[in-house]
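Listed below are the residues making up each chain.
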Amino acid sequence: IGIGLNLLYTLIEFIVGFRVDSLALISDASHNLSDVASLVISLIGMKFAHRAATQLYTYGYKKASILASLINAVLLMYIVIKIFIEAFERLSNPPEMAGTAIMITAFIGVIINGVSAFLFYKGQQTDINIKGAFLHLMVDALVSVGVIISGVIIYFTGWNLADVVISFIIAVVILISTWGLLTESIKLSLNGVPEGINSNEIQKLIEEIPAVEQTHHLHIWAMSSSENALTVHLVVNEGISFQEMEQIKKELRHKLEHHNI
């Protein structure tokens, strides 16, 4: 649905851009193709994550969703840089607003990107891959809001620099919202402990089991953008039977499930 809506909006922008001879709209339409690419990347990552393991990829392709989130984060940072560069270039020569057609088209962009982002809102809270797609859509909705606000200011005051000022504000907001996605994606790619999991607390939780004396080699990492794994060596009390050890592991798995592991 998200891909379909954004393809439709890109087509609308191209048509209106050529009709009113607006380079701004044609450029934004080209940029909106990156939204479609972002959603396709997220979808591919999600599909790959569910593929079975092979002899070559013994863990399967679960990390493909983390790779997708990293690609989306890099794309968003690229957009931030492009906005900053264009805004600086316009400081000396602010462009004239091309008219109400641009503001109307931008308003359609707010609706389409807003609706698309809403579809991803719930999933992005627990899946960093979906969060990448969500942020990409929210960024475009924000850019469209910026176009409308600057258009209204210029229409009533004639202050063309409003477009540049709004662009700088948008770029800063995107940078702040994307930085967390970028750093978390890099961390998960390097098998770092996922966000929201404290390894010291997990170790303490394991050692609270009466039969466990010590823990060694505790590792916590992300198998995919929504699935975390843990391995640990347990030193247990002497005399523990095989059946009791299996019960300890069962109890431990149950405890860890409440910590998204």
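This text goes with the structure placed above it.
Values in this document were obtained by computation on a predicted structure and should not be read as measured data.

Rules behind the numbers
- Residues numbered from 1 in each chain as written.
- Predicted model: local features only at pLDDT ≥ 70, side-chain atom pairs only at ≥ 80, totals over all residues.
- Heavy atoms only, no water.
- Helix = DSSP H or I, 4+ residues; strand = E, 2+ residues; numbered from the N terminus.
- Rg over C-alpha atoms; globule rule 2.2 N^0.38 Å.
- Buried < 20%, exposed > 50% of the residue type's maximum accessible area, 1.4 Å probe, protein only.
- Contact = heavy atoms within 4.5 Å.
- Areas by Shrake-Rupley, 256 points an atom, 1.4 Å probe, with all protein chains shown as cover.
- Lys, Arg positive; Asp, Glu negative; His and termini not counted.
- Charge placed at Lys NZ, Arg CZ, Asp CG, Glu CD.
- Pairing = 2+ DSSP bridges.
- Core = buried A, V, L, I, M, F, W, Y, C linked by side-chain atoms within 4.5 Å.
- 1 Å grid on protein atoms, 1.4 Å probe; cavity = no way out; pocket = protein on both sides within 12 Å on 5 of 7 lines; lining within 4 Å.
- Points joined across faces, edges and corners; volume = space filled by probe spheres on them.
- Nonpolar A, V, L, I, M, F, W, Y, C, P; charged D, E, K, R; others polar.
- Patch = residues over 30% accessible without salt bridge, like charges linked within 9 Å, V, L, I, M, F, W, Y side chains within 5 Å.
- Salt bridge = Lys/Arg side-chain N within 4 Å of Asp/Glu carboxyl O.

Observations concerning the overall build of the protein
Part 1 of the argument: A count of helical and extended segments in the protein gives 8 helices and 2 strands.
Part 2 of the argument: Sequence-ordered secondary structure for the protein, helices as α and strands as β, is α-α-α-α-α-α-α-β-β-α.
Part 3 of the argument: Here the C-alpha atoms of the protein give a radius of gyration of 24 Å, more than 25% beyond the 18 Å that 2.2 N^0.38 yields for 261 residues.
Part 4 of the argument: Dimensions of the protein along its principal axes, counting C-alpha atoms only, are 85 × 30 × 25 Å.
Part 5 of the argument: Among the 261 residues that make up the protein, the fraction classed as buried is 39%.
Part 6 of the argument: A fraction of 67% describes how many contacts in the protein between residues 6 or more apart in sequence connect residues 24 or more apart.
Part 7 of the argument: Working note: accessible area of the protein is about 14900 Å², and carbon and sulfur atoms make up 64% of it.
Part 8 of the argument: A distance of 6 Å separates the average location of the 15 positive side-chain charges in the protein from that of its 22 negative side-chain charges.

As for the pairing of strand β2 (residues 228-236)
If a strand is regular, its side chains alternate between the two faces of the sheet.
Part 1 of the argument: The sheet contact formed by strand β1 (residues 212-222) and β2 spans 8 bridges and is antiparallel. From the neighbouring strand, threonine 215 faces β2, where its bridge partner is leucine 234.
Part 2 of the argument: Once β1 ends, the chain turns through 5 residues before running back antiparallel as β2.

Brief notes about the environment of glutamate 89
Part 1 of the argument: Here glutamate 89 is to be found in helix α3 (residues 64-91).
Part 2 of the argument: Residues glutamate 89 and leucine 218, spaced 129 residues apart in sequence, show a C-alpha to C-alpha distance of 52 Å.

Focus: the nonpolar core
Part 1 of the argument: Grouped together as the largest cluster of nonpolar side chains are 19 residues, with contacts concentrated most on Ile83, Ile170, Ile174 and Leu181.
Part 2 of the argument: Going through the elements one at a time, α3, α5 (128-157) and α6 (162-189) are the ones with two or more residues in this core.
Part 3 of the argument: Apart from residues no more than four positions distant in its own chain, leucine 181 is found in contact with Ser69, Ala73, Leu76, Ile128, Lys131, Gly132 and Leu135.
Part 4 of the argument: Counting 14 residues, the second-largest nonpolar core is a separate cluster that includes Ile197, Ile202, Ile220 and Leu256.

A look at the layout of surface pockets
Part 1 of the argument: Approximately 400 Å³ is the volume attributed to the second largest pocket.
Part 2 of the argument: Lining of the second largest pocket is provided by 21 residues; of these, Gln125, Thr126, Ile128, Glu184 and Glu195 occupy positions nearest its centre.
Part 3 of the argument: Going through the elements one at a time, α5 and α6 are the ones with two or more residues in the lining of the second largest pocket.
Part 4 of the argument: With 4 residues, the single largest contributor to the lining of the second largest pocket is α6.
Part 5 of the argument: Looking at the lining of the second largest pocket residue by residue, the classes come out as 6 nonpolar, 11 polar and 4 charged.

Comments concerning a nonpolar patch on the surface
Part 1 of the argument: On the surface, Ile1, Phe107, Ile111, Val115, Phe118, Leu119 and Tyr121 cluster together into a nonpolar patch covering about 790 Å² of accessible area.
Part 2 of the argument: Classification of isoleucine 111 by relative accessible area gives partly exposed; the value is 44%.

What about unusual backbone geometry?
Part 1 of the argument: The phi dihedral of asparagine 191 falls on the positive side, at around 65 degrees, and the residue is not glycine.
Part 2 of the argument: On the accessibility criterion, asparagine 191 (42% relative accessible area) is partly exposed.
Part 3 of the argument: For asparagine 260, which is not glycine, the phi dihedral falls at a positive 60 degrees.
Part 4 of the argument: Assessed through its relative accessible area of 46%, asparagine 260 is described here as partly exposed.

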